[in-house]
Amino acid sequence: MIDLSKLNHNQLKAVTTEVGPVLVIAGAGTGKTRVLTTRIAYLIEHENYDHNKILAITFTNKAASEMRNRIINMLGNINVSWIGTYHSICLRILKQDIDQLGRDKNFSIIDEQDQLDIIHDIYKEGEISIKDIKPKKALEIIENVKTENINLFNIKSMKELNELGIYKYDLISSFRYIVKQYENKLIQNNLLDFNDLLIFAHKLLKENSVIREKWQNKFDYILVDEFQDTNYLQFQLLNLLINPNKLNIFAVGDPDQTIYTWRGAYPNIFNDYLDNFKNTKIHVLDLNYRSTKNILRVANHLIDYNNQRIKKDLVTNNDEGDSVICYIGDTSQLEAHFITQQINDLVKTKKYNYNEIVILYRAKYLSRTIEQEFINNNIPYYIFGDIRFYQRREIKDLVSYLKILVKPKDDITLRRIINVPVRGIGQKTIDSIRNYGLQNNLSFYETLLKCANNQIEAEWNKKSVKEFVVLLEYLFTNSKNLSIVDTLRFIIKVTKYEDHLKSLDQFEDRWENVNELIVATEEYQAKFPNNSLVDFLDEISLYTESDDHKVQSRNSVSLMTIHFAKGTEFKVVFIMGMNEDIFPSYRLQSQNDMEEERRIAYVAITRSMKKLFLTCNLGFSPISSDKLTPSRFLKEIGKNNYQEMRSEMKTISEIDLDWYDSVASFNKEDNYRENNVEFKIGDVIVHTVFGSGVIIGIKSDTLEVAFKAPFGIKSIIKTHKSIKRLKN
DNA sequence: GTGTTGAGTATTTTT
DNA sequence: TACTCAACAC
């Protein structure tokens, strides 16, 4: 039985709304997920909808499983199976129907690492230098071209190139080659990248009316979570999935929390929705249950600076709560030190536990200073999204072996493990095998088989290669009747994988991860006893988040990017690095970008339930050698809305106490001396990458400089443009 | 030819 | 820190 009495007036109206298109504008902490899940339960219990005909789309896998569990809690043993991310929904559709597009159903999905491996191959074959185009850049262009459906051969103007992210005209032919080859390789190996899942599903539903109608009839009701982060392609998909005779769609979102425009989301999608679905019923939720009045005041003040926005303030019946604290440290170390001290206080006075505290930052690299300080002070912490579980080397290795059992012709995967553990097959041999395959139109695996059968006379065809083939054959024949988890254990045993890990660093951590994989596999099999190894591999190929259920019981402070924190809440929130050029980022190109930064800050602030700390420092920028200034967001929030604290230390960086007004007038160059003056030992210099450091040695044309951890002592050419010296 | 090591270089956000 | 690449030992 569902309990509707816990809902407030607006929530109840949204949950019990009529059929047809609905849009719920729900601010942070207003019970968005509760409304969505209760709506699903309501449809099933009160409106007699079939739970197998309800489709709910979430932004993360975590949100999907949370939603599923909540519904099970409300309704008992009813599993709404069509809850998932756009990607997982598309995967399920394609696994059924991709053959309609002339593709094999036995495709597999590649992650970013695989994509980069493929790009490296293309570089080798096309003799493209990594120095001209960095693989990450190539990948960025590939993604842009694919999602925007752009043909690089049609591009003529420099402006169009710039919009894509290409700034040198001479490189266009290289990019054309890379993009074309990339697509070829995916088709040859029957691979789909994350974008392809959406692109192919869209193509399928758009072009094939029989299939489209099949899926439209499959779903009686569609619900969308985090609607503000939907991109154009995803919106088109929704339009194709929705049954045009019913138009039963229920979208929940908050335009102020659009923080994924770089992945194609656009704030104007709310208008598109209203245009597309006439007579949409709009519900607004603005009563916040999460935060104190003080915290909401900060959030409301900040977001009000965005011009392109429908004004809406969050209100709450909660207490005023503690003051929001803004700390300004003279150096990044002092900033980190302040955070540790506060955490120690909060925990020692037993007000809060470590796991109720989160440190949020704009960019991943900012976690390092904090991490160091936490280690020094024995504060338990966990960095989320650090390296995702399934991207870890040991996990990828073992999963690759599993993949090979299912699909030996997957060249990329096979090459990943051919020398793991090390078995004397180096890059030269691998290249030779590959080239032979390319010339003779054989897959990597087929070439290996020829080697083993002595059908290839070549220097590189030697004992170690043959032994690998024997190992593979042994795995194939003896794993046929094993369960998934036993197959995994078998692989670990046969490859002596534990010994291999012992030869690497961090053996304990890695071995623990392997065991975690075994547990995850066992759990999967217990949950879905009829599913095959292929099903398991498909599932985990989309599950990129780190496994967090254990972490919560670990009682440690959480560290994560703000993007990662979306949808979570913590009693105590520290937002660090509130500095110009860090947050907002120095990379911004337009006013729209600035508004997005403000929304990111808004998301960060509204994660907090009880206590909020905003911290910044006046040290040196990790990006340029400039001095940092506090973020404009602090000014926009307004001094009256928080209590300001400063570090006591007097430094050369002492600036006006009224630092707001000094932000613009502060002349950075004043602090530097010309570089052609002679250096002496003890001078402080600033390096664009390593930050500040002290000269500890001077040679004829180089300096020995001691930089802060983790950089340590470096030799720098005296005249190098990346260094500046401080005035004495 | 293979594997290790040290130097050099570079840092937004993620399904 | 994390990643690549060139130089060296085997």
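Up top is the structure these notes are about.
Only a predicted model underlies this, so the values are computations on that prediction, with no experimental measurement involved.

(A) Main features of the packing of helix α16 (residues 393-406) against helix α21 (residues 484-494). Packing of α16 against α21 leaves a shortest axis separation of 10 Å and a crossing angle of 110 degrees. If you check the angle between α16 and α21, you find them roughly perpendicular. The two elements α16 and α21 cross, and the hand of that crossing is right-handed. In contact with Leu-398, Tyr-401, Leu-402 and Leu-405 of α16, α21 contributes Thr-487, Leu-488, Ile-491 and Ile-492.

(B) Geometry of the packing of helix α18 (residues 427-440) against helix α19 (residues 444-452). The interhelical angle for the contact between α18 and α19, taken along N-to-C directions, is 105 degrees, at an axis separation of 9 Å. Considering the angle they form, α18 stands roughly perpendicular to α19. Every residue of α19 that contacts α18 at Ile-430, Ile-433, Arg-434, Tyr-436 and Gly-437 is listed here: Phe-444, Thr-447, Leu-448 and Lys-450. Split into classes, the residues belonging to the contact of α18 with α19 amount to 5 nonpolar, 2 polar and 2 charged.

(C) Broad picture of empty space enclosed by the protein. For the coordinates displayed, the defined rule picks out 5 cavities of 30 Å³ or more. Volume-wise, the largest cavity comes out at about 210 Å³. It is α16 that contributes the most residues to the lining of the largest cavity, 4 residues altogether. Residue composition of the lining of the largest cavity, grouped by class: 7 nonpolar, 4 polar and 4 charged.

(D) Looking closely at the protein's contact with DNA strand B. Contacts to DNA strand B come from 31 residues, most closely from His-87, Arg-362, Val-422, Thr-429 and Arg-587. When the atoms of DNA strand B within 4 Å of the protein are grouped by moiety, sugar and phosphate amount to 55% of the total. One of the side-chain nitrogen or oxygen atoms of Asn-419 is found 3.0 Å away from a phosphate oxygen of DNA strand B. One of the backbone nitrogen or oxygen atoms of Gly-424 is found 3.2 Å away from a phosphate oxygen of DNA strand B. Broken down by secondary-structure element, the contributors of at least two residues to the surface near DNA strand B are α18 and α26 (562-565). Sort the elements by how many residues they give to the surface near DNA strand B and α18 lands first, with 3 residues. The residue inventory of the surface near DNA strand B, partitioned by class, reads 12 nonpolar, 10 polar and 9 charged.

(E) Summary view of the environment of Ser-88. Residue position: Ser-88 is located in helix α4 (residues 86-97). Expressed as a C-alpha distance, the spacing of Ser-88 and Phe-194, which sit 106 residues apart in the sequence, is 9.8 Å.

(F) Highlighting the sheet that holds strand β6 (residues 221-224). The 6 strands are arranged β3-β2-β6-β7-β1-β8 in an open sheet whose pairing can be described as parallel. Looking at which strands have only one partner, the edges of the open sheet turn out to be β3 (83-85) and β8 (281-285). Here the strands of the sheet are splayed against their neighbours by 15 degrees on average, with no regard to which way each runs. Relative to the sheet, α4 contacts β2 (54-58), β3 and β6, its axis offset from that of β3 by approximately 110 degrees.

(G) Spotlight on a nonpolar patch on the surface. A cluster of nonpolar side chains, contributed by Leu-274, Ile-282 and Val-284, occupies part of the molecular surface with about 220 Å² of accessible area. Relative to the helices and strands, Leu-274 is located in helix α12 (residues 269-276). Judged by its relative accessible area of 30%, Leu-274 is partly exposed.

(H) Local environment of the packing of aromatic side chains. Counted by the stated rule, this structure contains 24 aromatic pairs. An aromatic cluster of three or more residues is present, and its members are Phe-227, Phe-235, Phe-270, Tyr-273 and Phe-277. Here the guanidinium or amino end of Lys-95 rests over the ring plane of Phe-107, the centre of that ring lying 4.2 Å away. Seen from the ring of Phe-444, Arg-415 lies directly overhead, with NZ or CZ sitting 5.9 Å from the centre.

(I) A look at unusual backbone geometry. Backbone torsion omega between Val-420 and Pro-421 reads -5 degrees, so that peptide bond is classified as cis. Relative to the helices and strands, Pro-421 resides in the loop between α17 (411-417) and α18. Phe-583 connects to Pro-584 through a cis peptide bond whose omega is 10 degrees. In this structure, Pro-584 sits in the loop between β15 (570-575) and α27 (591-605). We note that Asn-149 has phi near 55 degrees; this positive angle belongs to a residue other than glycine. Position of Asn-149 among the secondary structure elements: in the loop between α6 (135-148) and α7 (158-164). When its relative accessible area of 69% is taken as the criterion, Asn-149 is described as exposed.

(J) Local environment of the sheet that holds strand β13 (residues 381-383). One open sheet holds the 7 strands; their spatial order is β13-β14-β12-β15-β16-β11-β17, and the pairing between them is parallel. Only two strands of the sheet have a single neighbouring strand rather than two, namely β13 and β17 (643-646). Averaged over all pairs of adjacent strands, the angle between their axes in this sheet comes to 20 degrees, without regard to strand direction. Relative to β17, strand β11 (residues 325-329) runs parallel, the two being bridged by 4 bridges. The partner of Ile-325 across the bridge, within β17, is Gln-643. Helix α15 (residues 367-376) rests against β12 (357-361), β13 and β14 (557-561) of the sheet, and its axis sits at about 155 degrees to β13.

(K) Looking closely at the environment of Glu-512. Inspection of the secondary structure assignment puts Glu-512 in helix α23 (residues 507-527). Linking Glu-512 and Leu-91, residues 421 residues apart in sequence, is a C-alpha distance of 30 Å.

Rules behind the numbers
- Residues numbered from 1 in each chain as written.
- Chains lettered and ligands numbered in written order.
- Predicted model: local features only at pLDDT ≥ 70, side-chain atom pairs only at ≥ 80, totals over all residues.
- Heavy atoms only, no water.
- Axes fitted to C-alpha atoms, helices over the stretch in contact; angles between N-to-C directions.
- Helix = DSSP H or I, 4+ residues; strand = E, 2+ residues; numbered from the N terminus.
- Parallel < 35°, antiparallel > 145°, perpendicular 65-115°, else oblique.
- Left-handed = near helix turned anticlockwise from the far one by under 90°.
- Contact = heavy atoms within 4.5 Å.
- Nonpolar A, V, L, I, M, F, W, Y, C, P; charged D, E, K, R; others polar.
- 1 Å grid on protein atoms, 1.4 Å probe; cavity = no way out; pocket = protein on both sides within 12 Å on 5 of 7 lines; lining within 4 Å.
- Points joined across faces, edges and corners; volume = space filled by probe spheres on them.
- Near = heavy atom within 4 Å.
- Polar contact = N/O pair within 3.5 Å; in protein donor to acceptor, adjacent residues only side chain to side chain.
- Pairing = 2+ DSSP bridges.
- Patch = residues over 30% accessible without salt bridge, like charges linked within 9 Å, V, L, I, M, F, W, Y side chains within 5 Å.
- Areas by Shrake-Rupley, 256 points an atom, 1.4 Å probe, with all protein chains shown as cover.
- Salt bridge = Lys/Arg side-chain N within 4 Å of Asp/Glu carboxyl O.
- Buried < 20%, exposed > 50% of the residue type's maximum accessible area, 1.4 Å probe, protein only.
- Phe/Tyr/Trp six-rings, centres within 6.5 Å; stacked < 30°, edge-to-face > 60°.
- Lys NZ or Arg CZ within 6 Å of the ring centre and 35° of its normal.

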